[in-house]
Amino acid sequence: MNLPDTMHAMVLEEVRQPLVYKTLPLPSPLSDQVLVKVIACGVCRTDLHIVDGELQHPKLPLVPGHEIVGMVVKGGEKVTRLIEGDIIGIPWMAHTCGECKYCQRDQENLCENAVFTGYTIDGGYAEYTVAYEQYCFPLASMYANASGAPLLCAGLIGYRSYSMINKAAEKIGIYGFGAAAHILIQIAIYQGKKIFAFTREGDTGAQEFAMKLGAVWAGNSLQIPPQKLDAAIIFAPAGNLVPKALMDIDKGGIVVCGGIHMSDIPSFPYRILWEERMIRSVANLTRKDGEEFLNIAPKVPVKTQTQLFPLSNANEALENLRSGKIHGAAVLINK
Ligand SMILES: [Zn+2]
Ligand SMILES: [Zn+2]
């Protein structure tokens, strides 16, 4: 394959500054990496947290982006599984050590030496990127385009959050109805669950979107749902939703916080946690989560709603996400 020497990318040079459209040398894959031509890359809330300096110590300068759909164009000499032309997804978890105590006990999502796409190494806001072969997912052909991008983080983290809930839970509250929620609701309904969607006050657009996707109820996050919920998943980065969700769930229920960053959680009376209610967070993903989720998604089939932006308009995509103007997921595309 004829490859160029350079590529375009959107680069974060300093936190709290807009990304800069730049020409960079084509990255070259390590022996266990593939070089990938990026077809599309989702814009995740985590990217905003990185750009805004809310996540510590990003690699700088950095090419953000960790919801990458791309085509393998070249492999390092130790690559065994993927070949040129394969369509793959590249997620947030770029590499783990396999040796720390977490990796040894099947919790690679907590690896002490983990490498993260678009955070500690360059990601997908570019025309090309490199990725460790063993951490890429083959994608079903229906997702070989922008529609697959939101599955790679919003979908995966949503699915991991959902899998922390007691399997018998029927009535599930979702707090923050964006990219993750719009994917998760389709899987949950496919599995017979009832979804109650909570949005920012006055965001009737998101409430209508949730109802259109099959929620049994939608309202703003201050409202009391019509029935006690069995479980709650919080995707919005607002700590005050934790005590609210605790009050909305029934005995023995769980509140899962699906985001990587959240504002402080206000103090709350012990009685709303009493009766074996639980609060937990979800960090990163394991490859097993990814395989399970990407196996179920085409069966549902999960359809993503995307708003497309050319790569060079990444700042506009981030700004629209920040101000709540994206319904579904924002995705950067390369021509
Ligand atoms: Zn490890
Ligand atoms: Zn993400």
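Residues numbered from 1 in each chain as written. Chains lettered and ligands numbered in written order. Predicted model: local features only at pLDDT ≥ 70, side-chain atom pairs only at ≥ 80, totals over all residues.

**Let's talk about the overall build of the protein**
Then, in step 1: Each helix and strand counted, the protein has eight helices and 17 strands in total.
Then, in step 2: A compact globule built from 335 residues would reach a C-alpha radius of gyration of about 20 Å, and the protein, at 20 Å, matches this within 12%.
Then, in step 3: Dimensions of the protein, computed from the C-alpha atoms along their principal axes, are close to 60 × 40 × 35 Å. (Helix = DSSP H or I, 4+ residues; strand = E, 2+ residues; numbered from the N terminus. Rg over C-alpha atoms; globule rule 2.2 N^0.38 Å.)

**Things to note about helix 7 (residues 287-296)**
Then, in step 1: Among all positions in helix 7, only Gly290, Phe293 and Leu294 are buried. Along the axis of helix 7, the buried positions cluster into a sector of 95°, meaning they face one direction only. Helix 7 presents Lys288, Glu291 and Asn295 as exposed residues on the side facing more than 90 degrees away from its buried surface.
Then, in step 2: At its buried positions, helix 7 is contacted by strand 9 (137-138) and helix 3 (154-163). (Buried ≥ 20, exposed ≤ 12 C-beta atoms within 10 Å, placed from the backbone. Arc of directions from axis to C-beta. Contact = placed C-beta atoms within 7 Å.)

**Focus: the domain arrangement of the protein**
Then, in step 1: In terms of domains, the protein is made up of domain 1 (6-152 + 305-333) and domain 2 (157-281).
Then, in step 2: The C-alpha-based centres of domain 1 and domain 2 are spaced at 27 Å.
Then, in step 3: Across the contact, 13 residues belong to domain 1 and 13 residues belong to domain 2.
Then, in step 4: In terms of residue count, helix 1 (residues 45-51) provides more of the side of domain 1 that touches domain 2 than any other element does, three residues in total.
Then, in step 5: Tallied by class, residues from the side of domain 1 that touches domain 2 come to five nonpolar, six polar and two charged. (Domains from an automatic or database assignment. Nonpolar A, V, L, I, M, F, W, Y, C, P; charged D, E, K, R; others polar.)

**Digging into the nonpolar core**
Then, in step 1: Counting residues in hydrophobic clusters, the biggest one holds 106 residues, and the most contacted among them are Val36, Tyr125, Ile174, Tyr175, Ala197, Ile234 and Val255.
Then, in step 2: If we ignore the near neighbours within four places in the chain, the residues touching Tyr175 are Phe198, Ser221, Ala232, Ile233, Ile234, Phe235, Ala236, Leu241 and Ala245. (Core = buried A, V, L, I, M, F, W, Y, C linked by C-beta atoms within 7 Å.)

**Here we look at the pairing of strand 8 (residues 128-132)**
Then, in step 1: Counting buried positions along strand 8 gives five out of five residues, so the element sits mostly inside the fold.
Then, in step 2: Burial along strand 8 is two-sided: Tyr128, Val130 and Tyr132 facing one way and Thr129 and Ala131 facing the other are all buried.
Then, in step 3: Taken together, the five bridges between strand 3 (residues 33-43) and strand 8 define a ladder with antiparallel strand orientation. Residue Val34 lies in a different strand from strand 8, and its bridge partner there is Ala131. (Pairing = 2+ DSSP bridges.)

**Overview of the sheet that holds strand 13 (residues 229-234)**
Then, in step 1: Reading across from one edge, 12-11-10-13-14-15 is the order of the six strands in this open sheet, with parallel pairing throughout. Edge positions in the open sheet fall to strand 12 (217-220) and strand 15 (278-281), since each of these has one partner strand only. The average undirected angle you get between the axes of adjacent strands in this sheet is 20°.
Then, in step 2: Looking at chain direction, strand 13 and strand 14 (residues 249-257) are connected through five bridges and run parallel. Residue pairing for strand 14: Leu229 is matched across the bridge by Ile249.
Then, in step 3: The sheet strands contacting helix 6 (residues 241-248) are strand 10 (171-175), strand 13, strand 14 and strand 15, and the helix crosses strand 14 at an angle near 150°. (Axes fitted to C-alpha atoms, helices over the stretch in contact; angles between N-to-C directions.)

**Focus on the packing of helix 3 against helix 4 (residues 179-190)**
Then, in step 1: Running from N to C, helix 3 and helix 4 cross one another at 55°; their axes reach a closest spacing of 8 Å. Overall, the two elements helix 3 and helix 4 adopt an arrangement that is oblique. Crossing geometry of helix 3 relative to helix 4 is assigned as right-handed. On helix 4, the residues that touch Ala154, Gly155, Ile157, Gly158, Tyr159 and Tyr162 of helix 3 are Ala179, Ala180, Ala181, Ile183, Leu184, Ile187 and Ala188.
Then, in step 2: When grouped by side-chain class, the residues that make up the contact of helix 3 with helix 4 number 11 nonpolar, two polar and no charged. (Parallel < 35°, antiparallel > 145°, perpendicular 65-115°, else oblique. Left-handed = near helix turned anticlockwise from the far one by under 90°.)

**Regarding unusual backbone geometry**
Then, in step 1: Residue Pro61 is bonded to the preceding Leu60 through a cis peptide linkage, with omega at -10°.
Then, in step 2: The topology assignment puts Pro61 in the loop between helix 1 and strand 4 (68-75).
Then, in step 3: Of note, the bond from Val300 into Pro301 is cis; its omega dihedral lies within 30 degrees of zero at -20°.
Then, in step 4: Mapping Pro301 onto the fold places it in the loop between helix 7 and strand 16 (306-310).
Then, in step 5: Unlike most non-glycine residues, His57 shows phi in positive territory, near 50°.
Then, in step 6: Inspection of the secondary structure puts His57 in the loop between helix 1 and strand 4.
Then, in step 7: The phi torsion at Asp106 lies on the positive side, around 60°, for a residue other than glycine.
Then, in step 8: Within the element layout of this structure, Asp106 appears in the loop between helix 2 (101-104) and strand 7 (115-116).

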